[in-house]
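Notes for the structure review
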Amino acid sequence: MRVLSSKKEFIIEEDREFDSAHASTLVQLKNKTVISAWFGGSWEKGADVAIWVAKRKNEIWSKPKKVVDTRAIAMWNPVLFQKEDDTIVLYYKVGAQIQHWTTWLIESRDEGETWSIPRELVPGDTIGGRGPVKNKPIRLANGTILAPASLEGEIWDSFVDISHDDGETWEMSTMVPLRRASYDKQAIDMPYEKHRCFGKGIIQPTLWQDSQGEVHMLLRSTSSKVFRSDSSDGGYSWNLAYATELPNNNSGIDVVKLPSGTLVLAYNPTENLPNYYKGARTPLILSYSKDNGETWKELITLEDAPGGYAYPAIICNDEELLVTYTWKRERIVFWSIPYEEKDET
């Protein structure tokens, strides 16, 4: 696989209406229009943080528009998804503290021009946020939607929310099993064991379904590696999560499966060191796998200068990869990357 060309754009320029932008998401419509959303305000957790949207049509980005704002309560992590009838759904989190999040959504039936009145995804949710937490849901071959979900309290846990009626109702999978170990000198000196996770745990899964119908997830972790879990029953239950060889700096990742079955992963290939909460959020790269995520090769470096480049979102069509991410917690970057796949010997 190789990149044919690439184009980097800032969705938000210096004259933006907010100081900080983070946690972008994107979807591409049938007419090639791209819609992106993120949360923006004074800073993460700020009471003034709202959800913003911009559209890219004919290679020009519209001025960002605030589409939902809950006065005096922080908003987080929008996720875009398109239903079978082309309705665009925008999920997002609401809450001053992550462990008390609730998940809400708005919908658009006119390509993002107007949006519905907000409603709660799972009325009465008290566990800390149902539905997608950062990355896009996927639709399985049988039509079922899986939304990658996680919880952040004293420990971090991940699961999948499952819908058989195009997102109208949801049921939770089991939690992804995880063998935890605390950060301490004794733990650091332990021999490597792929099923051991140091620190709080795993969050923000990203999903794909393979050609055999099995479902897989990669996960952000506090253990210096991207973790993985697999499901043979459509996402209802998961095997014991295990560390991959991919480094992780305790920052967001996202994967997309191309029409050919090749996987492309957006991530920071940097480890967070024991006893540190986060590793550096540079560089930011794309890597690809042709063996269902067993091995990976670097495809392109998106950022390698000092700074923070994080929380990528990636989608694709038959011809190009489309990526957004946070740029220094100030702006959102968009890449369009035409690609070509060749047989590899």
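Anything mentioned here points back to the structure above.
Points about the pairing of strand β19 (residues 215–221)
Within β19, seven of the seven residues are buried, leaving the element largely enclosed by the surrounding structure. Burial of the side chains of β19 extends over both faces: V215, M217, L219 and S221 are buried on one face and H216, L218 and R220 on the other. Bridge count between strand β18 (residues 202–209) and β19: six bridges; the pairing is antiparallel. Directly across from L207, in β19, lies its bridge partner M217.

A closer look at the sheet that holds strand β8 (residues 75–82)
The antiparallel open sheet is built from four strands, whose spatial order is β8-β9-β10-β11. Edge positions in the sheet fall to β8 and β11 (119–120), since each of these pairs with one other strand and no more. With six bridges joining them, β8 and strand β9 (residues 88–94) adopt antiparallel strand pairing. Residue pairing in the sheet places W76 in a bridge with K93 of β9.

Looking at the layout of surface pockets
Volume-wise, the largest pocket comes out at about 840 Å³. Mapped onto the lining of the largest pocket, the elements with two or more residues apiece are β3 (20–28), β8, β12 (138–139), β18, β22 (254–257) and β26 (309–316).

Some remarks on the sheet that holds strand β20 (residues 225–231)
Backbone-to-backbone hydrogen bonds pair the strands of a sheet. The strands run either parallel or antiparallel. Here four strands make up an open sheet; going across it, the order is β18-β19-β20-β21 and the pairing antiparallel. In the strand order of this sheet, the two ends are held by β18 and β21 (242–247), each with one partner. Across the sheet, the mean angle separating the axes of adjacent strands is 30° when strand polarity is ignored. Strand direction decides the pairing type here: β20 and β21, joined by three bridges, are antiparallel. Residue pairing in the sheet places F227 in a bridge with A243 of β21.

Notes on empty space enclosed by the protein
Tallied over the entire structure, the rule returns two cavities of 30 Å³ or more. Roughly 50 Å³ of volume is contained in the largest cavity. When residues of the lining of the largest cavity are traced back to their parent elements, those giving at least two are β3 and β26. No other element matches the three residues that β26 contributes to the lining of the largest cavity.

Notes on the side chain of T262
Positionally, T262 belongs in the loop between β22 and β23 (263–267). The exposure class assigned to T262 is buried, which follows from its relative accessible area of 4%. For T262, the side chain forms a polar contact with the side chain of K290, separated by 3.2 Å. Beyond its immediate stretch of four places on either side in the chain, T262 contacts M1, V256, K257, Y288, S289, K290 and E341.

Description of the packing of aromatic side chains
Taken as a whole and assessed by the stated rule, the structure comprises six aromatic pairs. Aromatic side chains F18 and W52 sit 4.8 Å apart centroid to centroid with 55° between the ring planes, which places their arrangement in the tilted category. With F18 in the loop between β2 (7–10) and β3 and W52 in strand β5 (residues 50–57), the pair connects residues that are 34 residues apart, well separated along the chain. For the pair formed by F18 and W52, the shared burial category is buried. Geometrically, the ring pair formed by W61 and F334 is edge-to-face, given 5.3 Å between the ring centres and 75° between the ring planes. Of this pair, W61 sits in strand β6 (residues 60–61) while F334 is found in strand β28 (residues 331–340), placing the two residues 273 residues apart along the sequence. Each member of the pair W61 and F334 is classed as buried. For K134, the ring lying beneath its charged end belongs to Y311, and the centroid distance is 5.6 Å. Its guanidinium or amino end placed over the ring of Y242, K194 lies 5.1 Å from that ring's centre, counting from NZ or CZ.

Some thoughts on the pattern of salt bridges
Overall, the coordinates contain 27 salt bridges when judged by the stated rule. Notably, a salt bridge pairs R109 with E107, separated by 3.4 Å at the nearest N-O pair.

What counts and how
- Residues numbered from 1 in each chain as written.
- Predicted model: local features only at pLDDT ≥ 70, side-chain atom pairs only at ≥ 80, totals over all residues.
- Heavy atoms only, no water.
- Buried < 20%, exposed > 50% of the residue type's maximum accessible area, 1.4 Å probe, protein only.
- Helix = DSSP H or I, 4+ residues; strand = E, 2+ residues; numbered from the N terminus.
- Pairing = 2+ DSSP bridges.
- 1 Å grid on protein atoms, 1.4 Å probe; cavity = no way out; pocket = protein on both sides within 12 Å on 5 of 7 lines; lining within 4 Å.
- Points joined across faces, edges and corners; volume = space filled by probe spheres on them.
- Axes fitted to C-alpha atoms, helices over the stretch in contact; angles between N-to-C directions.
- Polar contact = N/O pair within 3.5 Å; in protein donor to acceptor, adjacent residues only side chain to side chain.
- Contact = heavy atoms within 4.5 Å.
- Phe/Tyr/Trp six-rings, centres within 6.5 Å; stacked < 30°, edge-to-face > 60°.
- Lys NZ or Arg CZ within 6 Å of the ring centre and 35° of its normal.
- Salt bridge = Lys/Arg side-chain N within 4 Å of Asp/Glu carboxyl O.

Keep in mind that these numbers describe shape and distance, not what the molecule does.
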